[in-house]
Amino acid sequence: MEGTMSSAFVFVVVFVISRLISIIGQVRPWTALLPTHLLDLDIATRLRVDSLSTASASTDYGNMVKPAPAAAVLFPSSVDDIATLIKTSYSSVNPFPIAARGHGHSVHGQAMAPNGVVINMHSLHESDGEKKARINISSSPSSTSSVIFFADVGGEQLWIDVLEATLEHGLTPRSWTDYLYLTVGGTLSNGGISGQVHRHGPQITNVYEMDVVTGKGEVVTCSRELNSDLFHAALGGLGQFGVITRARIALERAPQRARWVRLMYQDFSAFSRDQEYLISMEEGGRGFDYLEGSLISDESLLNNWRSSFFSKADHARIRSFTTRHGLIYCLELSKYYDQTTAYSIDQEVSSALEGLSFIPGLVFSNDVTYVEFLNRVYRGELKLRDQGQWDVPHPWLNLFVPKSRIHDFDAGVFRRILRQNSSTGPILIYPMKHNKWDAQMSTAVPDEEFFYSIGLLRSAPDDWQYLENQNKEILSFCEKACVGFKQYLPHYETRAAWENHFGPKWEKFLAMKMKYDPKAILSPGQNIFTSPL
């Protein structure tokens with residue numbers, strides 16, 4: 001029933017919508033939002049208004065925000081269905097809000113459309129119960145006489161499916177998020193970051209071309225050369241300028257295995273210095289393909305799915321340090337290799353670790369397949385689902401902090417506000433290089449050569465409000481101390497806060513909104529533009 005519905009079901013949908021239209025002021029403001037001529041369009045058979053569909057589209061991974069439910073959910077069978085819906089809203093006297101929902105991994109309702117229509121992007125993946133092939137691998141010659149490989153991918157596709165499809169050709173995308181069960185359109189609307197950013201940049205800088213359905217309902221193909229203003233605006237644009245329905249992703253030859261290493265640090269200065277040194281090791285492939293840091297405390301060591309990397313004996317050794325020091329830092333590294341380089345991987349890793357200032361003896365190593373490494377978080381998900389700790393509130397906070405203030409952040413946040421961290425979920429900290437980001441794209445980052453990604457990825461089976469209040473305390477500390485941070489996956493309550501977030505990019509951001517979504521139809525859950533411009 002994903003693509004078409006029985007005639008009986010269509011009758012019920014039409015009847016329910018008609019009744020809602022006729023009852024002014026009751027239940028949902030349908031008359032003010034959804035025009036009656038929606039019923040005359042082909043997409044009427046793919047609109048659902050039942051409480052199960054609307055309730056599902058009105059929750060997200062955060063499990064904290066409970067806004068008014070969506071009035072309807074569109075299950076598109078094609079990109080044209082999405083364009084028709086948006087065009088209908090745009091041409092209406094009273095436009096209704098529309099949000100594209102991929103995997104629903106937002107934490108503050110960013111993919112919701114209260115009293116509007118949510119587009120279930122996953123529906124593009126299936127038709128009449130069969131999966132569609134919307135991942136196509138191709139190549140083309142480049143100006144340097146080499147061959148460029150790429151994948152044309154539907155915006156609704158999960159990155160795990162992209163990985164599996166490209167590996168069949170011996171290829172892989174270059175840049176990843178830690179969690180692969182996210183949609184391509186969703187991560188490209190934000191940035192898409194993980195431990196590969198120091199080498200390949202975020203996912204948004206590894207895109208050649210896109211198809212975007214704008215807030216006027218126009219399907220536009222864009223790239224750095226064609227409709228470049230939309231291309232740059234939509235990448236990291238938080239869904240404000242259009243729905244990404246196709247992206248051409250850069251590919252490279254896939255490795256086969258990963259040498260996965262974790263090092264422990266007691267001193268934050270040594271920890272941050274070594275991270276910055278390692279992400280600068282680019283010459284001759286001497287560096288690591290992946291680098292992320294995290295915090296380990298005595299309370300959180302066993303209460304964290306990431307700890308499954310360690311054996312029971314390792315836990316005991318690490319706990320001896322956390323018991324004495326309360327908090328230590330973990331540097332996580334990975335270097336990829338295949339059959340042709342297997343003979344030298346031990347020496348390469350040993351050489352790269354020479355001169356680092358980690359705690360002697362606290363070095364841990366695993367050797368896994370490339371897929372096992374990239375999909376490592378999924379094992380944690382299965383563990384949390386078994387424990388009933390997956391579908392709980394997730395009061396996450398993600399920040400970009402400039403290098404010049406990272407020691408102040410450590411002292412004020414890690415060692416003061418978070419000194420007793422017993423919550424589940426990792427706390428990540430790792431550096432990035434500014435020159436790996438494209439300043440023309442919408443994502444806001446600190447204006448320093450190096451800045452750190454901070455991810456407080458905490459779960460709250462019990463009191464999520466406590467952790468949310470703690471997040472506000474962290475933001476207040478950063479603001480009062482003039483840390484110069486930027487939120488990643490941002491959430492703000494006022495237009496002024498959004499203007500401050502984008503800084504010098506705000507005027508361009510506003511101009512692109514006026515050009516491509518002038519009636520402020522798209523992504524109302526971001527709370528950037530809550531009324532027509």
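Note that the structure is predicted; figures quoted are calculated from it, not measured.

Rules used throughout
Residues numbered from 1 in each chain as written. Predicted model: local features only at pLDDT ≥ 70, side-chain atom pairs only at ≥ 80, totals over all residues. Heavy atoms only, no water. Salt bridge = Lys/Arg side-chain N within 4 Å of Asp/Glu carboxyl O. Helix = DSSP H or I, 4+ residues; strand = E, 2+ residues; numbered from the N terminus. Buried < 20%, exposed > 50% of the residue type's maximum accessible area, 1.4 Å probe, protein only. Pairing = 2+ DSSP bridges. Phe/Tyr/Trp six-rings, centres within 6.5 Å; stacked < 30°, edge-to-face > 60°. Axes fitted to C-alpha atoms, helices over the stretch in contact; angles between N-to-C directions. Parallel < 35°, antiparallel > 145°, perpendicular 65-115°, else oblique. Left-handed = near helix turned anticlockwise from the far one by under 90°. Contact = heavy atoms within 4.5 Å. Nonpolar A, V, L, I, M, F, W, Y, C, P; charged D, E, K, R; others polar. Polar contact = N/O pair within 3.5 Å; in protein donor to acceptor, adjacent residues only side chain to side chain. Expected span 1.5 Å × (residues − 1). Core = buried A, V, L, I, M, F, W, Y, C linked by side-chain atoms within 4.5 Å.

Draft legend 1. Highlighting the pattern of salt bridges. Per the counting criterion, the structure on display carries 21 salt bridges. Across the salt bridge formed by Arg-259 and Asp-346, the nearest N and O atoms sit 2.6 Å from each other. Linking Arg-259 in strand E13 (residues 257-265) with Asp-346 in helix H11 (residues 345-353), this pair joins segments that are 87 residues apart in sequence. Its relative accessible area of 15% is what places Arg-259 among the buried residues. Salt bridges sharing partners connect three or more residues here, namely Asp-152, Glu-209, Asp-211, Arg-246 and Arg-248.

Draft legend 2. The sheet that holds strand E3 (residues 98-101), seen in detail. Sheet architecture is open: 4 strands sit in the order E1-E2-E4-E3, paired in mixed fashion. At either margin of the open sheet sits one strand with a lone partner, and together these are strand E1 (47-48) and E3. Note: E3 against strand E4 (residues 117-120), 4 bridges, orientation parallel. Bridged to Ala-100 within E4 is Ile-119.

Draft legend 3. Representation of the packing of aromatic side chains in the model. A full pass over the atoms with the stated rule returns 28 aromatic pairs. Here the aromatic rings of Phe-268 and Phe-271 are separated by 6.0 Å at their centres, their planes lie at 50 degrees, and the arrangement is tilted. Of this pair, Phe-268 and Phe-271 are both found in helix H9 (residues 268-278), 3 residues apart, which corresponds to roughly one turn of the helix. The same class applies to Phe-268 and to Phe-271, which are both buried. With centroids separated by 6.0 Å and ring planes inclined at 25 degrees, the aromatic side chains of Trp-498 and Phe-502 adopt a geometry described as stacked. Taken as a pair, Trp-498 and Phe-502 lie in helix H16 (residues 495-502) at a separation of 4 residues, close to a single helical turn. On the basis of relative accessibility, which here comes to 0%, the residue Trp-498 falls in the buried class. According to the relative accessible area criterion, Phe-502 is buried, its value standing at 3%. Ring-pair connections join several aromatic residues into one group, and the members of that group are Phe-241, Tyr-492, Trp-498, Phe-502, Trp-506, Phe-509 and Phe-529.

Draft legend 4. Inspection of the packing of helix H14 (residues 406-417) against helix H15 (residues 464-480) at higher detail. At a closest axis distance of 11 Å, the pairing of H14 and H15 adopts a crossing angle of 155 degrees. In terms of axis orientation, H14 runs roughly antiparallel to H15. You can see that H14 and H15 cross each other, and the crossing is right-handed. On H15, the residues that touch Asp-408, Phe-409, Gly-412, Val-413, Arg-416 and Ile-417 of H14 are Gln-470, Glu-473, Ile-474, Phe-477 and Cys-478. Tallied by class, residues from the contact of H14 with H15 come to 6 nonpolar, 2 polar and 3 charged.

Draft legend 5. Focus on H9. Summarising burial for H9: 8 of the 11 residues are buried, a large majority. Buried within H9 are the following residues: Phe-268, Ala-270, Phe-271, Ser-272, Asp-274, Gln-275, Glu-276 and Leu-278. With a side-chain oxygen positioned 3.3 Å from the backbone nitrogen of Ser-269, the residue opening H9 is Asp-267.

Draft legend 6. Local environment of helix H4 (residues 79-90). For H4, with 12 residues, the first-to-last C-alpha span of 17 Å sits near the 16 Å given by 1.5 Å per residue. Regarding H4, the residues found buried are Val-79, Asp-81, Ile-82, Ala-83, Leu-85, Ile-86, Thr-88 and Ser-89. As for H4, its buried residues are in contact with strand E2 (72-74), E3, E4, strand E10 (207-214), strand E11 (219-223) and strand E12 (242-253).

Draft legend 7. Examining the nonpolar core more closely. Within the largest apolar cluster, 127 residues are counted, with the highest numbers of intra-cluster contacts made by Met-210, Met-264, Phe-409, Phe-414, Ile-454 and Ile-474. Once you skip the residues sitting within four places of it in the chain, Ile-454 turns out to touch Leu-397, Asn-398, Leu-399, Val-401, Ile-406, Phe-409, Phe-414, Leu-428 and Ile-429. Ala-83, Ile-98, Ile-119 and Val-243 belong to the second-largest nonpolar core, a separate cluster that totals 23 residues.

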